[in-house]
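# Overview (structure and organization)
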Amino acid sequence: MKIAVIGQSLFGQEVYCHLRKEGHEVVGVFTVPDKDGKADPLGLQAEKDGVPVFKFARWRAKGQVLPDVVAKYQALGAELNVLPFCSQFIPMEIINAPRHGSIIYHPSLLPRHRGASAINWTLIHGDKKGGFSIFWADDGLDTGDLLLQKECEVLPDDTVSTLYNRFLFPEGIKGMVQAVRLIAEGKAPRLPQPEEGATYEGIQKKETAKINWDQPAEAIHNWIRGNDKVPGAWTEACEQKLTFFNSTLSTSGLVPEGDTLPIPGAHRPGVVTKAGLILFGNDDRMLLVKNIQLEDGKMIPASNFFKGEGSSALELTEVELAIAEAVRSAWQRILPNVLEVEDSTDFFKSGAASVDVVRLVEEVKELCDGLELENEDVYMASTFGDFIQLLVRKLRGDDEEGEYSIDYVEMAVNKRTLHMPHQLFIGGAFIDAEGAKTFETINPTDGSVICQVSLPQVTDVDKAVAAAKDAFENGLWGKISARDRGRLLYRLADLMEQHQEELATIEALDAGAVYTLALKTHVGMSIQTFRYFAGWCDKIQGSTIPINQARPNRNLTLTRKEPVGVCGIIIPWNYPLMMLSWKTAACLAAGNTVVIKPAQVTPLTALKFAELTLKAGIPKGVVNVLPGSGSLVGQRLSDHPDVRKIGFTGSTEVGKHIMKSCAVSNVKKVSLELGGKSPLIIFADCDLNKAVQMGMSSVFFNKGENCIAAGRLFVEDSIHDEFVRRVVEEVRKMKVGNPLDRDTDHGPQNHHAHLMKLIEYCQRGVKEGATLICGGKQVPRPGFFFEPTVFTDVEDHMFIAKEESFGPVMIISRFTDGDIDAVLSRANATEFGLASGVFTRDINKALYVSDKLQAGTVFVNTYNKTDVAAPFGGFKQSGFGKDLGNLLLPVTLLSFLHSTNICSKPLSAISCPRCRDVALNTMAVRACFLLGGDI
């Protein structure tokens, strides 16, 4: 079909390009005249393509169409006029001229919001639904018959820009192309617009955008966001005109404490806080404004309103001076009417428009190798001197106080003051959940409420995934070198070490972890994990492979490992920070971005970790943290089409459900570390003192809340009674108490529901006939404390012999002296296979048993000795995929190379019978830990 495109802007350019791709012939483009020597993007593109371009300043004179204009138009022979965005009045002689007439795009759901400021009024009226209409042009103002409409949800904090960029721009382009397709196929409808519900509002101008303070907070918020960025809602205060941007009603946890800002006519004075400017409606509800434009045009963070000019100017290096001159040249190209760009040159006062902001940002990104820069940065630093200062700070990675705002919960604990974030972390910012929903996180030591934590909704998950996807596809993370990525992870590990005591205290407070153990393991191993994987960043390499077709053309196969994309990380409550680190460090090292869902009962260290990623300079959107329920957040991550991998640690039942969701949604990769019932076999020829010591650790380490805990001990008959006697003796020495006390051995269980399950578990064991030697009850004190417990005479058919307690419950069974195969059969008679152990001084027995045990990890004469360099994961229904180790980075291998899983079972100098044939691809990765010198 022959089409005339009448309009302007990037939107018009995109519609034009898509119509040509569809095979339509664009016979002419009619756009606005050049402004300040700059051509409109639509006209520029058409001229490049050799399409005739017409730039009429006007189409009519004294109410009559200009004959010359009509002649030039008619000479093109257009069959349809397409008006994607047009600010000129087009005569009906042109509108009705083509065989198919004319269609127009309008950014509202007609008949609502007719007129030129439709997006503004959609927001000002607080509409819950927005969208666009494509209609047949007539002689009225946006009154023609409807051809096509599409709607979207209007989010509470949407502005004109966000609504336009998220939906109206991309979907509007598709809608225009679809409308033309329907016309070409003869299927385009003509539906008369109903008059019921029709509205018309005038053009929003600066003089009409003054804020009326005598209305509720929501109405004021809608007015501000409806005028953001153009023309800008304003008020008079401090003897100047102030324009407000970036408004939100998400004020949960904000305290209106700070410097007051008297505003004439306002119900109450505003308050400048570290989060921004708090304003009040006549209903006493709060809203928050994050940016203010001063009367001289300078945009500042609202939190800095009373702070003056801030820090002194940076002194630029020679390299930075060269970059500044290159950026100056870019300003000169964008602002051709400016004779010379000086430090005082204001981008907008020199004639720049919103399209020029996009152009400047993209040019600077190209100059600075993908530097993270946003349109907002240009508004915040509109003079050339300020812009260069902002640019250099970003290039240096400076983290100035005030560049991000965190609403902390402060608490004096463990001889220190904790500063704990409690909001969602999305796109590099801490924000409230949709609807300001929250939940309580509980201190298991006394059952008290620590604080309120933001509770994410499905829309929040979608925002986090979108932020992670954008950071992966368009952000700095994918553009920096692997070595620079490693440098950032090393910096993050250093910050975690600097905050080690604070992180360990939060683990004790929120998860009940014994503080001394948290220092060493929960936090200590987390730091080691990030350092280990930081070192792998620039060592993820492909291969060069000789192939059969190498001659005569010297063909060659090259493989390259690439990150998979957005990874969803769903972590358990027993090691909140360590499990986060095990999964996240590998993902980040490989270049992926992540959305982390910590357990709802232990959210605080994950949120503190998020804060440290900001301080480390990890780009926005690379790490996102959503504390919330598995049924909502975890399910949405599993179902989300933009998530490419899920890493999950938790129950087998939930793991199966996640695996199914991953398959059905988009066949996303998945790794699962699931339930366990790890057997520990203790032979009579062992070092009994060590067996007792390690046997205690295998069960009671971290209060038994340990995925590889020995779920069942098999003790050889001849030493059984002595082993039990010594264990009970040691159990009675254990101090159960406050996890922050330095001499505490055993803290509270993680949460109340888990405590109740442990009580029920032990009651069932007694009912089935097992002998309860000690424990089995709740400790009579505040909090969720449970007595270390020992059962003997446990038979294979019993519930406690088959099911995991995930608590401080030792299950002991006898086996006949010398009957190795029988005890192996009993140990393997489970669907779980996460870990296992054997104690013996006989090297042949150790090798034989470790080879036959069906588990991902075999401990020999030791237990719980995991290491960041060794792969960790299970067999059977304990899951698949591995954490830790150098083969486990989440990457995609590009080529037709078949990648095999090779058994890695380090046994010091001892050969491993499973490693003899490394070509077998049916093997699973297994780790064996041998305590040197014991055999």
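Residues numbered from 1 in each chain as written. Predicted model: local features only at pLDDT ≥ 70, side-chain atom pairs only at ≥ 80, totals over all residues. Heavy atoms only, no water.

Keep this limit in mind: UniProt positions are given in the numbering used here, feature names are shortened, and annotations may be inferred rather than shown by experiment.
The name an unreviewed UniProt entry assigns to the chain is formyltetrahydrofolate dehydrogenase, from the organism Callithrix jacchus. We quote the UniProt Catalytic activity (unreviewed entry) comment for the chain here in full: "(6R)-10-formyltetrahydrofolate + NADP(+) + H2O = (6S)-5,6,7,8-tetrahydrofolate + CO2 + NADPH + H(+)".

### Quick look at the overall build of the chain
Here is the rule: A run of H or I in DSSP counts as a helix once it spans at least four residues, and a run of E counts as a strand once it spans at least two, with each numbered from the N terminus. Accessible area is worked out with a 1.4 Å probe on protein chains only. A residue is then buried under 20% of its type maximum, exposed over 50%, and partly exposed in between. Whether two residues touch is decided by their heavy atoms; if any such pair falls within 4.5 Å, the residues are in contact. Computed by Shrake-Rupley with a 1.4 Å probe, the accessible areas treat only the displayed protein chains as cover when residues are assessed.
Across its full length, the chain holds 25 helices and 42 strands. Out of the 935 residues in the chain, the part that is buried amounts to 55%. Expressed as a percentage of contacts within the chain between residues at least 6 apart in sequence, the contacts between residues at least 24 apart total 69%. Of the roughly 39400 Å² of accessible surface on the chain, a fraction of 51% belongs to carbon and sulfur atoms.

### Focus: the pattern of salt bridges
Note on pairing: side chains with opposite charge can pair once their charged atoms come close. Here is the rule we go by: Salt bridge, as used here, is a side-chain nitrogen of Lys or Arg placed within 4 Å of a carboxyl oxygen of Asp or Glu.
Throughout the structure, instances matching the rule amount to 45 salt bridges. In this structure, the salt-bridge partner of R181 is E22, at a minimum N-O distance of 3.0 Å. Pair noted here: R181 is in helix α6 (residues 160-184) and E22 is in the loop between α1 (9-21) and β2 (25-30), with a separation of 159 residues, a long-range link. Here K469 ties to D642 by a salt bridge, and the two come within 3.4 Å at their closest N and O atoms. Note that K469 is positioned in helix α12 (residues 458-473) and D642 in the loop between α18 (630-639) and β29 (643-649), a separation of 173 residues in sequence. Of the residues examined, K469 reaches a relative accessible area of 29% and is grouped as partly exposed. Among the ionic contacts, a cluster of salt bridges with common partners joins E502, K608, E611 and K615.

### Re the packing of aromatic side chains
Our working definition: Only rings of Phe, Tyr and Trp enter the pairing, Trp through its six-membered ring, and a pair is recorded when the two centres are within 6.5 Å. The plane angle decides the type: under 30 degrees is stacked, over 60 is edge-to-face, the rest tilted. The rule for a charge over a ring is simple: NZ of Lys or CZ of Arg within 6 Å of the ring centre, and within 35 degrees of the ring normal.
A complete count under the given rule lists 26 aromatic pairs for this structure. Arranged with centres 5.9 Å apart and planes meeting at 40°, the rings of F30 and F56 form a pair that is tilted. Of this pair, F30 sits in strand β2 while F56 sits in the loop between β3 (53-54) and β4 (60-61), placing them 26 residues apart in sequence. Relative accessible area serves as the criterion here: at 1%, F30 is assigned to the buried category. Seen from their ring centres, W573 and F806 are 5.4 Å apart, and the 85° between their planes marks the pair as edge-to-face. Of this pair, W573 sits in the loop between β26 (566-570) and α16 (576-589) while F806 is found in the loop between α23 (799-802) and β35 (809-815), placing the two residues 233 residues apart along the sequence. Under the relative-accessibility criterion, F806 is labelled buried at 18%. Chaining the aromatic ring pairs together yields one cluster made of F11, Y105, F132, Y164, F167 and F169. Above the face of the W234 ring, K241 is positioned so that its terminal group lies 4.2 Å from the ring centre. Across the ring face of F683, the terminal group of K845 is positioned such that the distance to the ring centre comes to 4.5 Å.

### Quick word on the pairing of strand β11 (residues 240-248)
Selection criterion: When DSSP locates at least two bridges between a pair of strands, those strands are taken to pair.
Strand direction decides the pairing type here: strand β10 (residues 233-237) and β11, joined by five bridges, are antiparallel. Bridge pairing in β11 places W234 opposite T243. Turn length for the β10-β11 hairpin, with the two strands adjacent in sequence and antiparallel, is two residues, and the turn residue C238 shows positive phi of about 50°. In terms of strand pairing, β11 meets strand β15 (residues 286-293) through five bridges, oriented antiparallel. The residue bridging F245 from the neighbouring strand is N291, located in β15.

### Some thoughts on the confidence of the model for the chain
Going by this rule: Residue-level confidence of the predictor is summarised by pLDDT, bounded by 0 at the bottom and 100 at the top.
Averaged over every residue, the pLDDT of the chain is 89; the share at 70 or more is 92%. Mean pLDDT across the elements of the chain ranges from a minimum in strand β41 (residues 891-894), with 42, to a maximum in strand β27 (residues 593-597), with 98. Note on residues 890-924: pLDDT under 50 across the span, and 74 contacts to partners over four residues away in sequence or across chains. Contacts for the low-pLDDT stretch residues 929-935, under 50 throughout, to residues beyond four places or in other chains number 27 contacts.

### A look at a negative patch on the surface
As a reminder of what qualifies: The residues that make up patches have over 30% relative accessible area and no salt bridge, and they are joined within 9 Å when like-charged or within 5 Å when they are Val, Leu, Ile, Met, Phe, Trp or Tyr. The convention is simple: Lys and Arg are positive, Asp and Glu are negative, and His and the chain ends are not counted. In plain terms, the charge of a residue is placed at NZ if it is Lys, CZ if Arg, CG if Asp and CD if Glu.
Together, E340, E342, D343 and D386 make up a negatively charged patch on the protein surface. Within the element layout of this structure, E340 appears in the loop between α8 (318-334) and α9 (354-367). On the basis of relative accessibility, which here comes to 56%, the residue E340 falls in the exposed class.

### Concerning the nonpolar core
As a rule of thumb, nonpolar side chains are buried together in soluble globular proteins. What counts, and what does not: The nonpolar core is taken to be a set of buried Ala, Val, Leu, Ile, Met, Phe, Trp, Tyr and Cys residues, with the residues joined through side-chain atoms within 4.5 Å.
Of all hydrophobic cores here, the largest spans 104 residues; its most connected members are I682, L713 and F723. By residue number, the principal contributor to this core is α16, which donates 10 residues. Once residues within four sequence positions are removed from consideration, F723 is found in contact with I682, L688, A691, V692, L713, V715 and I812. Within the second largest apolar cluster, 35 residues are counted, among which are L42, Y105, I119 and M176.

### Side note on empty space enclosed by the protein
If a probe as big as a water molecule is rolled over the atoms, it shows which places are left empty. As a reminder, the rule being used: Two kinds of site are reported from a 1 Å grid over the protein atoms alone, namely cavities, where a 1.4 Å probe fits but cannot get out, and pockets, open sets with protein on both sides within 12 Å along at least five of seven lines, and residues are called lining when an atom falls within 4 Å of a point. Grid points are joined across faces, edges and corners, and a volume is the space filled by probe spheres set on the points. Residues are grouped as follows: Ala, Val, Leu, Ile, Met, Phe, Trp, Tyr, Cys and Pro are nonpolar; Asp, Glu, Lys and Arg are charged; every other residue, Gly included, is polar.
Counted under the stated rule, the structure contains six cavities of 30 Å³ or more. Looking at the largest cavity, its volume works out to about 110 Å³. Every residue lining the largest cavity is counted, 18 residues in all, and those nearest its centre are A709, A710, G711, S805 and F806. Listed by contribution, the elements that provide at least two residues to the lining of the largest cavity are β32 (710-716) and β35. Here the residues of the lining of the largest cavity are counted per class, giving eight nonpolar, seven polar and three charged. The computed volume of the second largest cavity comes to approximately 60 Å³. Mapped onto the lining of the second largest cavity, the elements with two or more residues apiece are β31 (678-682), β36 (832-833) and β37 (835-839).

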